[in-house]
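Coordinates in review
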Amino acid sequence: MRPAFAKPLTRPMFTGAMLSGLVVAGLLASGTAALAQQDRGTLVELFTSQGCASCPPADELLAQMDKSDGVIALALHVDYWDYIGWVDDLADPAFTARQRKYAKAWSAKTVYTPQMVVAGVDEFVGSLPMRAMDSVAAHPASDDPVTITLERAGDELSIAAQAVGPVPDHVMIQLVRYTPEVVRMIERGENAGKTVIYSNVVTAWQVIGAWTTAQDLALHVPVTGDEPIVVIVQDGTSGPVLGAVRLR
């Protein structure tokens, strides 16, 4: 949903056939092995809100994308639609700030929902399945110039990274935690009466340090809880994503 002064968005048809093209079946190990599963993927960020009438199709699309090989899909709830009748309890002003930093980097005049950002470089209306598939295909994780390896031992996370392609001299290391599924019954606002399932809801996004890429990275950081962990290497905090890995 865009603010009133922006050009309205056309809401596309959203069909199961479109979604099915995104889904790649996979086998997950059980028990502790599932928690230790590590996967490299193209980072997909969806800026969304419980107060946005146009967002539920994008929320559903993000859930389907996360089932695809080579995708790390994250939902960042923003707070700027809270005034229209329903406060999004999953929103964080920090996520709004991240979206605005992207907008500034791209010289965009405004921010909107649902907005999808792929690999930190490609943005579009987040409810367009074919656009999303094309964007992920254009930015495969296999082309990332940074490789990342994660290992967790209790409450300590070890991060190793190496530049394997052209990268800036200095980049940012970010650590993200998320809840795989959240259900909300929305009582007021544009989505009043709807029950929406949100996938991969980000609960924390932390910059944990800068890395001088001329040397390999070896970093140890404290972690707690069972939420999946995503480590992102990015040119700044609003530039191209150079590598992303998830541990779950």
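All chains use their own residue numbering, which begins from 1 and follows the written sequence. With the structure being a predicted model, the display of local features is reserved for residues of pLDDT at least 70 and the display and counting of side-chain atom pairs for 80 or more, all residues being used for whole-chain, interface and lining totals. Water and hydrogen atoms were dropped before computing side-chain values, which therefore reflect all heavy atoms in the structure.

Looking at the overall build of the chain
Only runs of H or I of at least four residues qualify as helices and only runs of E of at least two qualify as strands under DSSP, and these elements are numbered from the N terminus. When helices and strands are tallied, the chain shows five helices and twelve strands. Counting across all 248 residues of the chain, residues that qualify as buried make up 48%. Pairs of residues are marked as contacts when any of their non-hydrogen atoms sit within 4.5 Å. Contacts in the chain between residues far apart in sequence, at least 24 positions, make up 71% of those at least 6 positions apart. Surface accessibility in these figures is a Shrake-Rupley result with a 1.4 Å probe; residues are shielded only by whichever protein chains are displayed. A total accessible area of about 11700 Å² is found for the chain, and carbon and sulfur atoms account for 56% of it. For every residue, the accessible area obtained with a 1.4 Å probe (protein chains only) is divided by the maximum for its type, and the residue is called buried under 20%, exposed over 50%, and partly exposed between those limits.

Some points on the sheet that holds strand β7 (residues 156-163)
Paired through their backbone hydrogen bonds, the strands of a sheet run either parallel or antiparallel. Here the rule is simple: two strands pair whenever DSSP picks up at least two bridges between them. Taken together, three strands build an open sheet; the order of strands is β6-β7-β10 and the sheet is antiparallel. Sheet topology places β6 (146-153) and β10 (217-222) at the edges, where each strand pairs with a single neighbour. Averaged over neighbouring strand pairs, the angle between their axes works out to 20° when direction is ignored. Where β6 meets β7, eight bridges bridge the pair, whose relative direction is antiparallel. Paired with Glu151 across the bridge in β7 is Ser158. Each axis is a line fitted through C-alpha atoms, taken for helices only over the stretch in contact, and angles between the N-to-C directions span 0 to 180 degrees.

Some thoughts on helix α4 (residues 93-105)
In an α-helix there are 3.6 residues to a turn, and that puts residues three or four apart on one side. If you check α4, its first and last C-alpha atoms are 18 Å apart, about what 13 residues at 1.5 Å a residue would give, namely 18 Å. Among the residues of α4, Phe95, Thr96, Arg98, Gln99, Tyr102 and Ala103 are the ones counted as buried. Burial along α4 is one-sided: seen end-on, the buried residues are contained in an arc of 160°. Exposed residues on α4 whose side chains face more than 90 degrees from its buried face are Pro93 and Lys104. Contacts from the buried residues of α4 go to β2 (42-48), β3 (71-77), β4 (115-118), β8 (170-185), β9 (195-212) and β11 (229-234). Of the residues that open α4, the one with a side-chain oxygen 2.8 Å from the backbone nitrogen of Ala94 is Asp92. One or two residues past the end of α4 sits Ser107, with phi positive at roughly 60°. A helix is expected to span 1.5 Å multiplied by its residue count minus one. Each C-beta atom gives one direction from the helix axis, and the arc is the one those directions make. Throughout this description, a polar contact denotes any pair of N or O atoms lying within 3.5 Å of each other; where both atoms belong to protein, one of them has to be capable of donating a hydrogen while the other can accept it, and for residues adjacent in sequence the pair is counted only when both atoms sit in side chains.

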